[in-house]
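A look at the structure
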Amino acid sequence: MMTPKVRSAKPGDLQAITSIYAHAVVHGTASYEYDPPSLAEMTARYNALVQAGFPYLVAVHEEGDGDGRLIGYAYAGPFRTRPAYRFTAEDSIYIASDSQGQGIGRLLLTELIARSEALGFRQMIAVIGDGEVNQPSVKLHEAMGFLHSGRIVGSGFKHGRWCDTVLMQLTMNGGVDSDPDPRALAEQRFRAPRATG
């Protein structure tokens, strides 16, 4: 089997991304959404992250001269929106149901971490819905160096039962051992002139 290619997501990928996420919403508990977002909503979410400079990646099986079949995606986004959180990113990874357990999540997360480090982030947080059921996600993050930071018991109610949320954390770029790098994406955005009106 050929190793999938990981690349930046493009607008043309959003239909496949929307379908992968819809399956996760309807059939799983990794996301606590109940109703799958529309293509328009997923496009708006994608645009917001990309315009803010966050990495948004896809994994594809290349087929001939085309872009190939999209089998997973991952992105980093703000952990929280208040400015003091700006050096912390949260990761999200979703794999097509017929492609799970093949190492695609590891490929995506490896590249996502590398790109997030290059942008100057100091912490990456994984917020894993229904951690007991979604152990493959927990194990993946452990294998990539994430440490357990806590569990929020009964934080979600989906498919007729209470779900715990697992929190995991990866330190990047020295973490808290030095002051923020003024060249970091988060600091550049924070220091950029704001429009008044």
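The structure under discussion appears in the preceding block.
Residues numbered from 1 in each chain as written. Predicted model: local features only at pLDDT ≥ 70, side-chain atom pairs only at ≥ 80, totals over all residues. Heavy atoms only, no water.

1. Digging into the overall build of the protein
The cut-off we apply is this: For helices the rule is a DSSP run of H or I covering at least 4 residues; for strands it is a run of E covering at least 2, with both sets numbered from the N terminus onward. With C-alpha atoms as the basis for the radius of gyration, the globule rule is written as 2.2 Å multiplied by the number of residues raised to the power 0.38. Buried residues are those whose accessible area, probed at 1.4 Å on protein chains only, stays under 20% of the maximum for their type, while exposed residues exceed 50% and partly exposed ones sit between those limits. Throughout, a residue-residue contact means that at least one pair of heavy atoms, one from each residue, lies within 4.5 Å. Only the protein chains shown count as cover for residues, with accessible areas throughout obtained via the Shrake-Rupley method and a probe of 1.4 Å. Charge counting follows a simple rule: Lys and Arg are positive, Asp and Glu are negative, and His as well as the terminal groups are ignored. Charged side chains are reduced to one point each, which is NZ for Lys, CZ for Arg, CG for Asp and CD for Glu.
Summing up its helical and strand segments, the protein has five helices and seven strands in all. Along the chain direction, N to C, the helices and strands of the protein fall in the order β-α-α-β-β-β-α-β-α-β-β-α. Taking 197 residues into account, the globule formula puts the C-alpha radius of gyration at 16 Å, and the protein, at 17 Å, falls close to it. Taken along its principal axes, the extent of the C-alpha atoms in the protein is 45 × 45 × 40 Å. Burial status across the protein gives 42% buried among its 197 residues. When contacts within the protein are restricted to residue pairs at least 6 apart in sequence, those whose partners lie at least 24 apart make up 65%. Taken as a whole, the protein presents about 10700 Å² of accessible surface, with 54% of it coming from carbon and sulfur. Side chains of the protein carry 19 positive and 21 negative charges; the gap between the two charge centres is 5 Å.

2. Some details on helix H2 (residues 39–51)
At 3.6 residues per turn, the α-helix brings residues three or four places apart onto the same side. So the rule is basically this: Between the first and last residue of a helix there are one fewer steps than residues, each counted as 1.5 Å, and that sum is the expected span. This arc is taken over the directions from the axis of the helix to the C-beta atoms.
End to end, H2 covers 18 Å across 13 residues, agreeing with the expected 18 Å (1.5 Å per residue, within 8%). Burial in H2 covers these residues: Met42, Tyr46 and Leu49. Axial view of H2: buried residues confined to an arc of 65°, hence all on one face. In H2, those exposed residues whose orientation departs by more than 90 degrees from the buried face are Ala40 and Gln51. If you follow the buried residues of H2, they end up packed against helix H1 (14–27), strand E2 (56–61) and strand E3 (69–78).

3. Section: the sheet that holds strand E1 (residues 5–8)
Selection rule: Two strands qualify as a pair provided DSSP detects at least 2 bridges between them. Where helices are involved, their axes are fitted lines through C-alpha atoms of the stretch in contact, as for all axes, and angles between N-to-C directions lie from 0 to 180°.
With mixed pairing, the seven strands of this open sheet are ordered in space as E1-E2-E3-E4-E5-E7-E6. Whereas interior strands pair on both sides, the edge strands pair on one side only; in this sheet they are E1 and strand E6 (147–158). For this sheet, the mean angle separating the axes of adjacent strands, direction not counted, is 25°. Across four bridges, the pairing between strand E4 (residues 88–95) and strand E5 (residues 123–129) is parallel. Following the sheet pairing, Glu90 is matched in E5 by Ile125. Here H2 sits on the sheet and contacts E2 and E3; the angle it forms with E3, its principal contact strand, is near 55°.

4. Things to note about the packing of H1 against H2
For the record, the criterion: We call two directions roughly parallel when the angle between them is under 35 degrees, roughly antiparallel when it is over 145, roughly perpendicular when it lies between 65 and 115, and oblique otherwise. Three residue categories are used. Nonpolar comprises Ala, Val, Leu, Ile, Met, Phe, Trp, Tyr, Cys and Pro, charged comprises Asp, Glu, Lys and Arg, and polar comprises the others, including Gly.
One can describe the packing of H1 onto H2 by two numbers: an axis separation of 9 Å at closest approach and a directional angle of 110°. As summarised for this structure, H1 and H2 are arranged roughly perpendicular, according to the angle between their axes. Side by side, H1 and H2 meet where Leu14, Gln15, Ile17, Thr18 and Tyr21 of the first sit next to Leu39, Met42, Thr43, Arg45 and Tyr46 of the second. The class makeup of the residues in the contact of H1 with H2 is six nonpolar, three polar and one charged.

These figures come from the coordinates and say nothing about function on their own.
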